[in-house]
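# Fold and contact review
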Amino acid sequence: MRAFVIGNAAIDETISVDGLPEPGVSILGRIASRDLGGKGTNQAVVMARGGLETTLVSATGEDFRSAMIREQLAEEPLAARLSSVAGISTDFSMVLTTPDGENSIVTTTEAAEALPLEAALEALGEAAPGDFLVMQGNLGAETTETLLKTGRERGLVTAFNPSPLRPYFERLWPFIDIAFLNESESLSLAGSTGRKAAEALHAKGIRQVVLTAGTDGAMLSTAGGDLIHIPAVKAKAIDTTGAGDTFMGAALASAARRGGMLDQRAISHAAAASALAVARRGTRRAFPSRDELAEIFAG
Ligand code: ATP
């Protein structure tokens, strides 16, 4: 099976700060890293490194960040289908990270929102029933809804990460098979966390719900089936940026090896993969390598 990730590509500018700034306060910081990022790209990179044949569909402007994105993606084992859109800025994220590994992120979405729908539909034309369609919250509302609906009609397994939060997500649930949410997304979108949140999301038609809770681990709930809790793997966290994306990418790549739906092994593999990512600084450079993922998936 193959994965089609349709989402954003960005450059993450990570700045180390002693503490997150209060409103109206200027603080000092040090550039910690400049790395390829963006939720869609992160998830695609991890899936591809995990051995899943992956196509990333995304958009950039025509500036220096676009060139950086292209250069870095060329080093990854995935097919990148990037649309260059004239007159817009390539997306970037300002990541503030503190000594205890916490972070706050501001992401621009001008390029993601300009992704031409036809380019994404053309890529999806190559997908076969049972392939993954993987999406997040960075694209425009119409584009996201149309693609998920198309994916569902073509028999793809649709996986959605509702981040960053958008008011239009309520319209998307009927087209989603698997959802990955962290605690704040769960509170905002399901009004609770844990089993209650999973049940609320199953009631909207989602077959499998994964709720991640940082060092408290993660939960996989399958409609009409089991609830599985997997603890986090102990790690010395120095930068948690991309932990959720690593988790989702690794879970899907692991599941793909056994047919596509998530199981206990996929979630355990995802916990091990994200523990590696939080112990390193940066985004792409922090993600587990092909060898590391192969070793995790063998367990
Ligand atoms: P981020 O926004 O930082 O990418 P997230 O908020 O989407 O992450 P989390 O729930 O914080 O997602 O983390 C996802 C998974 O990563 C967790 O379920 C856990 O397995 C792993 N993880 C996160 N933080 C740590 C940590 N400090 N130590 C070990 N594992 C961690």
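Under an unreviewed UniProt entry, the name given to the chain is Ribokinase, and the organism recorded is Martelella mangrovi. Turning to the chain, the UniProt annotation filed under Subcellular location (unreviewed entry) states: "Cytoplasm". Recorded in UniProt for the chain, the comment headed Subunit (unreviewed entry) runs: "Homodimer."

## A short note on the side chain of S66
Looking at the element boundaries, S66 is found in helix α2 (residues 64–73). Owing to a relative accessible area of 4%, S66 belongs among the buried residues under this scheme. Polar side-chain contacts of S66 include one of 3.1 Å to the side chain of T60. Aside from chain neighbours lying at most four places away, what touches S66 is T60, G61 and T90.

## Focus: the UniProt feature "binding site: substrate" (unreviewed entry) in the chain
Within this structure's numbering, the places UniProt gives as "binding site: substrate" (unreviewed entry) are A10, I11, D12, G38, K39, G40, T41, N42 and D245. With respect to the helices, strands and loops of the structure, I11 is situated in strand β2 (residues 10–16). Mapped onto the elements of the fold, G38 is located in the loop between β3 (30–37) and α1 (39–49). Classification of G38 by relative accessible area gives buried; the value is 6%. Residue contacts for G38: discarding those within four places in its chain leaves N8, A10 and D12.

## Description of the UniProt feature "domain: Carbohydrate kinase PfkB" (unreviewed entry) in the chain
Under the present numbering, the feature "domain: Carbohydrate kinase PfkB" (unreviewed entry) in UniProt falls on residues 4–288. Within the segment residues 4–288, helix and strand shares are 33% and 25% respectively, and the terminal C-alpha atoms sit 20 Å apart.

## Description of the pairing of strand β13 (residues 227–230)
Two faces make up the sheet, and in a regular strand the side chains alternate between them. Here β13 shows one buried face, formed by I228 and I230, and one open face, formed by L227 and H229. In this structure, strand β12 (residues 218–222) lies alongside β13, joined through four bridges in antiparallel fashion. What sits directly across from M219, in β13, is H229.

## Quick word on the pairing of β2
Across the seven residues of β2, seven count as buried, placing the element largely inside the fold. Residues A10, D12, T14 and S16 point to one face of β2 and I11, E13 and I15 to the other, with burial holding for every one of them. Pairing geometry for β2 and β3, over seven bridges, is antiparallel. Looking across to β3, one finds that I15 is bridged to I31. Here β2 runs beside strand β6 (residues 92–97); their pairing, made up of six bridges, is parallel. In the sheet register, I15 faces β6, and the bridge partner there is L96.

## Points about the site of the ligand
The immediate surroundings of the ligand are formed by 19 residues, with N182, T212, G214, T240 and G244 found nearest. Interatomic distance of 3.2 Å between a backbone N/O atom of G217 and an oxygen atom of the ligand. Between the ligand and G244, the relevant distance is 3.0 Å, taken from an oxygen atom to a main-chain nitrogen or oxygen of the residue. Across the complex, the protein chains shield 85% of the 630 Å² of accessible surface that the ligand would expose by itself. Taken together, the elements giving at least two residues each to the shell around the ligand come down to α8 (243–256) and α9 (264–278).

## Quick look at the nonpolar core
If you look at the biggest cluster of nonpolar residues, it comprises 47 residues, and the most contacted ones within it are F132, F180, L252, L262 and I267. Per element, the largest residue contribution to this core is eight residues, and it comes from α8. In this view, I267 contacts V210, A218, L220, I230, F247, A251 and L262; residues no more than four positions away in its chain are not counted. With 37 residues, the next largest nonpolar core counts A112, A120, A127 and L201 among its residues.

Here is what the cut-offs are and how they apply
Residues numbered from 1 in each chain as written. Predicted model: local features only at pLDDT ≥ 70, side-chain atom pairs only at ≥ 80, totals over all residues. Heavy atoms only, no water. UniProt positions renumbered as here; feature names shortened; annotations may be inferred. Helix = DSSP H or I, 4+ residues; strand = E, 2+ residues; numbered from the N terminus. Buried < 20%, exposed > 50% of the residue type's maximum accessible area, 1.4 Å probe, protein only. Polar contact = N/O pair within 3.5 Å; in protein donor to acceptor, adjacent residues only side chain to side chain. Contact = heavy atoms within 4.5 Å. Pairing = 2+ DSSP bridges. Near = heavy atom within 4 Å. Areas by Shrake-Rupley, 256 points an atom, 1.4 Å probe, with all protein chains shown as cover. Core = buried A, V, L, I, M, F, W, Y, C linked by side-chain atoms within 4.5 Å.

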